[in-house]
Amino acid sequence: MDFSGLFLKTLSGSRTYTSRSYLYHFANSKLVDKNIYGEIFKAKLHGLHNEFIPDKLQYRSIQLNELYDYNRFCIFPDHTIAICDKSKFTSDDFLKVFQKLFTRNCPEFAQINLNYRRDDYDIFEIIKGFDKMIDVDIKHLKKSYVFS
């Protein structure tokens, strides 16, 4: 299986990651040209609430959860990842959650290593370090991750 096939299979996995207050899962993964597009959904977990059943005049406990936010990302053929950074789903959240979800949904790999580019490095020095880059069109790239 090639890189794109492995990632699409992994990003289509149904295993979730749950933190103290949120549930995360991969969603909407697809291949666009040679790039992989995907999203991570972040659902807020609430406690049990009583739901009223009118025809039985009873209450039953249910857990109400809601979509809190999501983060879009794109994985390029050279293994770099560009993400959206949001106030409710920060780049630090993305790094942690992506690694957890990837590990849970891809049994072929024992671990994944992401190198995080947090500071404003000279982008052209980073590009020179890539082995397989052919063409670049950078618009508003804030932060990125690189698989190694």
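This is a predicted model, so every value here is computed, not measured.

Asks: Hey, could you run me through the overall build of the chain in this one?
Replies: Helices and strands together make up the secondary structure of the chain, namely three helices and seven strands. Element order for the chain, N to C, with α for helix and β for strand: α-β-β-β-β-β-α-β-α-β. In the form shown here, the chain has an accessible surface area of approximately 9,900 Å², with 49% of it arising from carbon and sulfur atoms.

Asks: Please explain the nonpolar core as it appears in this structure.
Replies: Across soluble globular proteins, nonpolar side chains have a tendency to be buried as a group. In this structure, Tyr24, Ile40, Phe73, Ile75, Ile81, Phe94 and Phe98 are the most contacted members of the largest nonpolar core, which totals 23 residues. Sorting the residues of this core by element identifies α1 (3-11), β2 (22-32), β3 (35-53), β4 (58-75), β5 (80-83) and α2 (91-105) as the ones contributing at least two each. A total of six residues in this core trace back to one element, the largest contributor, which is α2. The residues touching isoleucine 40, leaving out its near neighbours within four places in the chain, are Tyr24, His25, Phe26, Asp69, Tyr70, Asn71, Phe73, Phe89, Phe94, Val97, Phe98 and Leu101.

Asks: Looking at this structure, I do not really get the packing of α1 against α2. What am I missing?
Replies: The packing of two helices is summarised by the inter-axis angle and the distance between the axes. Their axes nearest at 9 Å, the elements α1 and α2 cross at an angle of 100°. Taken together, α1 and α2 sit at an angle that is classed as roughly perpendicular. Touching Phe7, Thr10 and Leu11 of α1 are Phe98, Phe102 and Asn105, all from α2. Across the contact of α1 with α2, the residue classes break down as four nonpolar, two polar and no charged.

Scoring rules and cut-offs
Each chain has its residues counted from 1, following the order in which its sequence is written. Totals for whole chains, interfaces and linings use every residue, but because this is a predicted model, local features are given only for residues with pLDDT of at least 70 and side-chain atom pairs only at 80 or more, for both listing and counting. Values shown for side chains rest on all heavy atoms present in the structure; no hydrogens or waters enter the calculation. Runs of E in the DSSP output that reach at least two residues are strands. Runs of H or I that reach at least four are helices, and both are numbered from the N terminus. Per-residue accessibility takes into account occlusion by the displayed protein chains alone, with areas from the Shrake-Rupley method and a 1.4 Å probe. We call a set of buried residues a nonpolar core when its members are Ala, Val, Leu, Ile, Met, Phe, Trp, Tyr or Cys and they connect through side-chain atoms within 4.5 Å of each other. Using a 1.4 Å probe on the protein chains alone, a residue whose accessible area is under 20% of its type maximum counts as buried, one over 50% counts as exposed, and one in between counts as partly exposed. Whether two residues are in contact is decided by their heavy atoms, any of which lying within 4.5 Å being enough. What counts as an axis is a line fitted to C-alpha atoms, over the stretch in contact for a helix, and the angles between N-to-C directions run from 0 to 180 degrees. Any angle from 65 to 115 degrees is called roughly perpendicular, while one under 35 is roughly parallel, one over 145 is roughly antiparallel, and all others are oblique. In the scheme used here, Gly and all other residues not listed as nonpolar or charged are polar, with Ala, Val, Leu, Ile, Met, Phe, Trp, Tyr, Cys and Pro taken as nonpolar and Asp, Glu, Lys and Arg as charged.

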